[in-house]
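Listed below, chain by chain, are the residues.
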Amino acid sequence: MKMSKLFAPTLKENPADAEVISHKLMLRAGMIRKLTSGVYSYLPLGYRSLRKVEQIIREEMDAAGAQEVFLPAVQPSELWKESGRWEVYGPELLRFKDRHDRECCFGPTHEEVITDLVRRDVRSYRDLPLNLYQIQTKFRDEMRPRFGLMRGREFIMKDAYSFDATEDGAEAAYKKMWDAYGRIFSRCGLLFRPVEADSGPIGGSFSHEFMVPAATGEDMIVSCDTCDYAANMEKAEIRPCDPSDHKVPGTRKKVATPGMTSIEQVSEYLKVAPETLIKTLIVRTEAGSVAVLLRGDHELNEVKVRNLLRVADLELADEWTIEEVTGGPLGFSGPIGLKADTVIADQAIRGLTSVVVGGNEADVHIMDVNPNTDFRVDRYGDLRCAVQGDPCPRCHGTLRLDRGIEVGHVFKLGVKYSTAMDATFLDSDGAEKHMIMGCYGIGVSRTIAAAIEQNHDDDGIIFPPPIAPFSAIVTPVGARDTEIEETAERVYRDLWAQGIDALLDDRDERPGVKFKDADLIGVPFRITVGKKALAQGKVELRDRQTRETELIEVSEIVAEVRRSLENWKPIPR
Ligand code: ATP
Ligand code: MG
């Protein structure tokens, strides 16, 4: 491709509405353009990169025994009613009606469609196992679409679904996908980490997310500095602590705390450490009102609370409910004398003795409260989020927190969908059984954004070669000179002849402009053809990642580019 013909409208300035680096750089490099909130067009550079990621995914999925299909994007509501998700999916699901008034949705995921497909045609254990995948546009009406391709509303996903006759088979299918994901992200040139993820309160399922560590990631990776334990924030377990703070219990007393509603305010005002305060959060669930007690310095982990209570939904109570449950206003809730249906407490509270709690009355707190005798707790559990420095739940190491981007997700579903939608097969023993399923997603478009978040510098993108729109660029520099132009053209053609996709910067631009653009769009290797080097029969090869340059014989350059592409490794930044 010649740069003079390439449709890559680059921008000098950072676009005002782009917050994260990948979004800025993809707009500036002319890879994508926004159509409307969370919906993007892929221009030639963006689409080439996307197709390379897709190709890697296809090769590895096929090698792992999965078969590619292509399912409809528009789905009838009936299937979603069967699975029970029509009611629970919420406003992320784009719903609409056709001309016959039939309810439809635009697929945010395809468990229903695939389960329907398979239940119709798979009858016997002999037809299993089966793993089907597709690469397709999804739509999720995200509450906060942002960061360009990172959290779009319309985005491209690879989704695979496995169907097995036995538990062992289902676990083997999961393991195969796990391995394939490792190969996919390695081949994309990414540094990544699989982490344990939450799989809900139902037993028999498990789940991992593949995370790309990056400062702008929306997710938190919790990992041990000693063993290989790693989990996302929702899942990260807390090691039960020493059940005693060795304090002598004092005598309970009310204290005035005028207008002090936050932990910080109360702790400062009463001159007590936040860890001796108890936070009382009132939440509403389908199982009634629940009071959740946490140590003052700890944060609530909603997923853990939902799992402990086995509820699907949970929301912080409004002021009216708080008043009803506690008898006092928001900001002064405490655990003594509550009318909540259930009281649950984080395990860290179990061993405390003299604590400070809200008085369930405006401007009042109570000091020297004893959790063992002064209030009721129905159940203790691990209900808080991990923090930097927590002890590892598996060994004697320490947990650390890093930001990450979730690029993939593998999930053993079990029989959730096959039961709800009656996807059964006839087993070898003659019994009718439910298929055991797994689902496996990769954010194809998000993977490109993640690659850029992980690989960039002040000058632009540093594409890992396997997913770069072009692997190399030939840049003739200097005033119009036939020898330079002919050499550049010849190297460019030779690269293509050897299967290396290259650009030729044939534009009538100053060298500085050409170099800037090549750096911005992140071409991994640049071959500069200039007068001085050419006089000795050489051209300059520059590595975008290391920024190192080397003079190479013209006759050797294609072989050298090939070697450099093969030897490329991501450098942790
Ligand atoms: P998230 O927690 O980021 O919303 P999710 O858990 O909803 O992700 P899955 O339903 O597991 O995601 O979808 C599979 C993959 O699709 C994710 O691992 C992610 O890479 C990608 N993905 C999900 N939502 C988006 C989005 N809004 N934009 C781009 N990619 C997405
Ligand atoms: Mg989501």
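Residues numbered from 1 in each chain as written. Chains lettered and ligands numbered in written order. Predicted model: local features only at pLDDT ≥ 70, side-chain atom pairs only at ≥ 80, totals over all residues. Heavy atoms only, no water.

**Details of the overall build of the protein chain**
Working step 1: Within the protein chain one finds 15 helices and 31 strands.
Working step 2: For the protein chain, the proportion of its 573 residues judged to be buried stands at 53%.
Working step 3: Counting every atom, the protein chain has about 26100 Å² of accessible surface; 50% of that belongs to carbon and sulfur. (Helix = DSSP H or I, 4+ residues; strand = E, 2+ residues; numbered from the N terminus. Buried < 20%, exposed > 50% of the residue type's maximum accessible area, 1.4 Å probe, protein only. Areas by Shrake-Rupley, 256 points an atom, 1.4 Å probe, with all protein chains shown as cover.)

**Observations regarding the environment of I56**
Working step 1: Within the secondary structure, I56 is located in helix 2 (residues 44-63).
Working step 2: You can call I56 buried: its relative accessible area is 6%.
Working step 3: Between the alpha carbons of I56 and F185 there is a distance of 8.9 Å; along the sequence they are 129 residues apart.
Working step 4: Setting aside chain neighbours within four positions, we find I56 in contact with I184, R187, C188, P466 and I467. (Contact = heavy atoms within 4.5 Å.)

**Observations concerning the site of ligand 1**
Working step 1: Not every one of the 14 residues close to ligand 1 is listed here, only the nearest: E142, R151, G152, E406 and H409.
Working step 2: A distance of 2.8 Å is found between a nitrogen atom of ligand 1 and a side-chain nitrogen or oxygen belonging to E142.
Working step 3: Here a nitrogen atom of ligand 1 sits 3.5 Å away from a polar atom, N or O, in the main chain of M150.
Working step 4: Protein burial of ligand 1: of its 580 Å² of free accessible surface, 82% is covered by the chains. (Near = heavy atom within 4 Å. Polar contact = N/O pair within 3.5 Å; in protein donor to acceptor, adjacent residues only side chain to side chain.)

**Some points on empty space enclosed by the protein**
Taking a probe equal in size to a water molecule and rolling it over the atoms shows the remaining empty space.
Working step 1: The final tally for this structure, using the stated rule, is one cavity of 30 Å³ or more.
Working step 2: Each pocket or cavity is described by its volume, and for the largest cavity that value is around 30 Å³.
Working step 3: For the largest cavity, the full set of lining residues is M150, E218, D219, G404, I405, E406 and R446.
Working step 4: Counting residues per element, the lining of the largest cavity draws most heavily on strand 21 (residues 399-414), at three residues. (1 Å grid on protein atoms, 1.4 Å probe; cavity = no way out; pocket = protein on both sides within 12 Å on 5 of 7 lines; lining within 4 Å. Points joined across faces, edges and corners; volume = space filled by probe spheres on them.)

**Some details on unusual backbone geometry**
Working step 1: Residue P129 is bonded to the preceding L128 through a cis peptide linkage, with omega at 0°.
Working step 2: You can see P129 is positioned in the loop between helix 5 (111-121) and strand 7 (130-139).
Working step 3: For K271, which is not glycine, the phi dihedral falls at a positive 55°.
Working step 4: Tracing the sequence through the fold places K271 in the loop between helix 7 (263-270) and strand 14 (278-285).
Working step 5: Located in the positive-phi region is R310, a residue other than glycine, with phi close to 55°.
Working step 6: Checked against the element boundaries, R310 lands in the loop between helix 8 (302-309) and strand 16 (314-316).

**Comments concerning the pattern of salt bridges**
Working step 1: Evaluation of the coordinates by the stated rule reveals 51 salt bridges.
Working step 2: Here R102 ties to D98 by a salt bridge, and the two come within 3.1 Å at their closest N and O atoms.
Working step 3: Among the ionic pairs, R507 bridges to D505, the shortest N-O distance being 2.8 Å.
Working step 4: Residue class for D505 comes out buried when judged on its relative accessible area of 0%. (Salt bridge = Lys/Arg side-chain N within 4 Å of Asp/Glu carboxyl O.)

**Looking at the sheet that holds strand 27 (residues 472-476)**
Working step 1: Read from one edge of the open sheet, five strands run 28-27-29-30-31, paired in mixed fashion. Here the strands that pair on one side only, and so sit at the sheet edges, are strand 28 (502-504) and strand 31 (549-553). Between one strand and the next, the sheet's axes are offset by a mean angle of 25°, whatever the strand orientation.
Working step 2: Pairing of strand 30 (residues 538-543) with strand 31 involves five bridges; the strand directions are antiparallel. The partner of L541 across the bridge, within strand 31, is E550. (Pairing = 2+ DSSP bridges. Axes fitted to C-alpha atoms, helices over the stretch in contact; angles between N-to-C directions.)

**So, helix 11 (residues 444-454)**
Working step 1: Of all 11 residues in helix 11, 11 are buried; the element is thus mostly enclosed.
Working step 2: If you check which residues of helix 11 are buried, you get V444, S445, R446, T447, I448, A449, A450, A451, I452, E453 and Q454.

**Here's the deal with the pairing of strand 17 (residues 342-346)**
Working step 1: Burial analysis of strand 17 places four of its five residues in the buried class, which makes it a mostly covered element.
Working step 2: Across four bridges, the pairing between strand 15 (residues 288-295) and strand 17 is parallel. Bridging from a neighbouring strand, A291 pairs with V343 of strand 17.
Working step 3: Examined bridge by bridge, strand 17 and strand 20 (residues 379-381) share three bridges and lie parallel to one another. The residue of strand 20 that forms the bridge with D346 is G381.

**Brief notes about the sheet that holds strand 4 (residues 74-76)**
Working step 1: Taken together, three strands build an open sheet; the order of strands is 4-6-5 and the sheet is antiparallel. At either end of the open sheet lies a strand with only one pairing partner, and these are strand 4 and strand 5 (94-97). Going from strand to strand, the sheet's axes swing by 35° on average, the running direction of each strand aside.
Working step 2: Both strand 4 and strand 6 (residues 103-106) contribute to a ladder of three bridges, which runs antiparallel. Residue pairing for strand 6: P76 is matched across the bridge by C104.

**So, the side chain of D519**
Working step 1: Along the polypeptide, D519 turns up in helix 13 (residues 511-521).
Working step 2: Classification of D519 as buried rests on a relative accessible area of 9%.
Working step 3: Leaving out residues up to four positions away in the same chain, D519 has contacts with D459, G460, I461, R526, R542 and R544.

**Topic: the packing of helix 1 (residues 21-28) against helix 11**
Working step 1: The N-to-C vectors of helix 1 and helix 11 enclose an angle of 105°; their axes lie 8 Å apart at closest approach. Put simply, helix 1 runs roughly perpendicular to helix 11. Between helix 1 and helix 11, the contacting residues are I21, S22, H23, L25 and M26 on the first element and I448, A449, I452 and E453 on the second.
Working step 2: Here the residues of the contact of helix 1 with helix 11 sort into six nonpolar, two polar and one charged. (Parallel < 35°, antiparallel > 145°, perpendicular 65-115°, else oblique. Nonpolar A, V, L, I, M, F, W, Y, C, P; charged D, E, K, R; others polar.)

**Describing the side chain of D390**
Working step 1: Residue placement: D390 occurs in the loop between strand 20 and strand 21.
Working step 2: Look past the residues within four positions of D390 in its chain and what remains in contact with it is I238, R384, C385, G397, T398 and L399.

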